[in-house]
Amino acid sequence: MEFHPLIEKSSTQEIKAFQEEKLQQLLAYLEGNSPFYQRLFTENNINIAEIRTLEDLQKIPTTTKNDLQQNNHDFFCITPDKIVDYSTTSGTLGDPVTFGLSDRDLERLAYNEAISFACAGIQKGDVVQMITTIDKRFMAGLAYFLGLRKMGASVVRMGPGIPELQWDSIFRYKPKYLITVPSFLLKMIDYAEKHGLDYKNSSVYGAVCIGESIKNQDFTDNILSQKIKEKWDIKLFSTYASTEMSTAFTECEYQIGGHQHPELIITEILDDEGNLVKEGESGELTITTLGVEAIPLLRFKTGDIVKAHYEPCQCGRNTMRLGPVIGRKQQMIKYKGTTLYPPAMNDILNDFNNILCYQIVIQANEIGLDEIIIKLSTDQENENFVNEVRDHFRAKLRVSPKIEIIDFDILSKTVFNPNSRKPITFIDLR
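Residues numbered from 1 in each chain as written. Predicted model: local features only at pLDDT ≥ 70, side-chain atom pairs only at ≥ 80, totals over all residues. Heavy atoms only, no water.

For the chain, an unreviewed UniProt entry supplies the name Phenylacetate--CoA ligase and the organism Chryseobacterium contaminans.

K.L.:
Can you break down the overall build of the chain residue by residue, with the values?
P.N.:
Scanning the chain for helices and strands turns up 11 helices and 20 strands. At 22 Å, the chain has a C-alpha radius of gyration in line with the 22 Å of a compact globule built from 430 residues. Based on the C-alpha atoms only, the size of the chain along its principal axes is roughly 65 × 60 × 45 Å. A burial count over the chain gives 52% of its 430 residues as buried. Of the contacts made within the chain by residues no fewer than 6 positions apart, 66% connect residues no fewer than 24 positions apart. A total of about 20000 Å² of accessible surface is found on the chain, and carbon and sulfur atoms cover 48% of it. (Helix = DSSP H or I, 4+ residues; strand = E, 2+ residues; numbered from the N terminus. Rg over C-alpha atoms; globule rule 2.2 N^0.38 Å. Buried < 20%, exposed > 50% of the residue type's maximum accessible area, 1.4 Å probe, protein only. Contact = heavy atoms within 4.5 Å. Areas by Shrake-Rupley, 256 points an atom, 1.4 Å probe, with all protein chains shown as cover.)

K.L.:
I'd like to hear about helix H11 (residues 408-415), residue by residue, with values.
P.N.:
Of all the positions in H11, only Leu411, Ser412 and Val415 are classed as buried. In a view along the axis of H11, the buried residues occupy a sector of 100°, so they form one face of it. Of the residues in H11, the exposed ones pointing more than 90 degrees away from the buried face are Asp409, Ile410 and Lys413. Packed against the buried residues of H11 are strand E17 (355-364) and strand E18 (370-378). Residue Asp407 occupies the N-cap position of H11, its side-chain oxygen lying 3.1 Å from the main-chain nitrogen of Asp409. (Arc of directions from axis to C-beta. Polar contact = N/O pair within 3.5 Å; in protein donor to acceptor, adjacent residues only side chain to side chain.)

K.L.:
Report on the domain arrangement of the chain, specifying residues and quantitative values.
P.N.:
Domain boundaries assigned for the chain yield domain 1 (106-244) and domain 2 (332-428). Taken together, the contact pairs 14 residues of domain 1 with 11 residues of domain 2. Summed over both partners, the interface of domain 1 with domain 2 comes to about 990 Å²; 51% of that surface belongs to carbon and sulfur atoms. The largest per-residue losses of area from domain 1 upon contact with domain 2 belong to Lys136, Ile223 and Lys227, which jointly make up 41% of the total buried on that side. Summed over the shared surface of domain 1 and domain 2, the result is 0 salt bridges. On inspection of domain 1 and its partner domain 2, the count reaches 2 residue pairs in polar contact (both at pLDDT 80 or more). Counting only elements with at least two residues in the side of domain 1 that touches domain 2, the list comes to helix H7 (182-194) and helix H8 (223-231). For the side of domain 1 that touches domain 2, the element with the most residues is H8, which contributes 3 residues. The class makeup of the residues in the side of domain 1 that touches domain 2 is 4 nonpolar, 5 polar and 5 charged. (Domains from an automatic or database assignment. Buried area = accessible area lost by both parts, 1.4 Å probe. Salt bridge = Lys/Arg side-chain N within 4 Å of Asp/Glu carboxyl O. Nonpolar A, V, L, I, M, F, W, Y, C, P; charged D, E, K, R; others polar.)

K.L.:
Describe the pattern of salt bridges, and please don't skip the residues or the numbers.
P.N.:
The final tally for this structure, using the stated rule, is 20 salt bridges. For the salt bridge of Glu8 with Arg317, the shortest nitrogen-to-oxygen distance reads 3.0 Å. One end of the pair, Glu8, is in the segment before helix H1 (12-33); the other, Arg317, is in the loop between strand E12 (300-309) and strand E13 (321-322), and 309 residues separate them in sequence. Side by side, Glu8 and Arg317 carry an identical accessibility label, which is buried. A salt bridge links Glu293 to Arg104; the nearest nitrogen and oxygen atoms lie 3.2 Å apart. Placement of the pair is Glu293 in the loop between strand E11 (282-289) and E12 and Arg104 in helix H4 (residues 103-119), with a sequence separation of 189 residues.

As structure tokens, this is what we get:
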């Protein structure tokens, strides 16, 4: 039962009181150890003794990814000799942001993934195939491995790509769960069908899906999820996390949003002015990490636009749940009076079986307005198909983007870049 924390099934009042106690500890730790937050408290005349409740957090300025990039070293609360692992995440200004993890941070990371996987139904003794990288300073892959090890599961570390090897491993080791980018499951299905593999009777029960959304805002399956399940009757579980959070929000068996872990993270959903949104409204996820030793973050704006759900879940947890990411704040597109985010366009393009791969490119035109270019490869190259795609955009999003047909061998090298952890389906040139 240690991977089903009692605090998650406590009352909302008990969860709030618990988090406020953890917040006191965090503020004292930051004031004593973080050069960046010491400076922020001093410059804004913040007396941490006056920050008693979660509502009091509003008295403290938010932290952004730019702050992390410009003051990376000043966020470290421990000396270099206590860093056990270095990870990086992309920076808004180009260069990556470095995250160090202490031994305690790695233990926290393992605990986070263990309770997250347990939330999705993975148990001790289950075999889990990781179709994700564990190298290249990628925190998530390491977190998955540590979490599965902690909960007593068996891990098959396959890494991304190469459907033939993935199937060889599935039939050899009989994993119950996969951890993968969901669009790769379509490639695995395609390979299996072309090579006569009996994939529908394999050992795989479910997949924990990373990096791409598989749900609509009402928690119904989106196009990508539908296409997978039409071919392969397996459970798909959403999980959402980031290097900065060192925490995951993973769905339980009822699949109505990723559950928050109150002992690991405090969440706020903020509007453009930095105010808390009303319940049921979307806003920018802003997080405060709990129990992080090397680089704890206070009111960090993730850049992800989400909607929170607060009603109790049938699984017995009373924790807040996050819905699918609506989009990245910095990737918001204003196109002829319509506000768009890339995930909405992904859904439309995933609706076409004839599209082999695609990339959405946003750039500013000569008068400074956003312009959308859809680059795609297809096995049905004719004008009628292009018009069909354009009409689908008009019907669903009320926009008509420019569409370019690109040879698969050329476009696939850009989309499936070996240096990228997931397909590059969106490029912002603004």
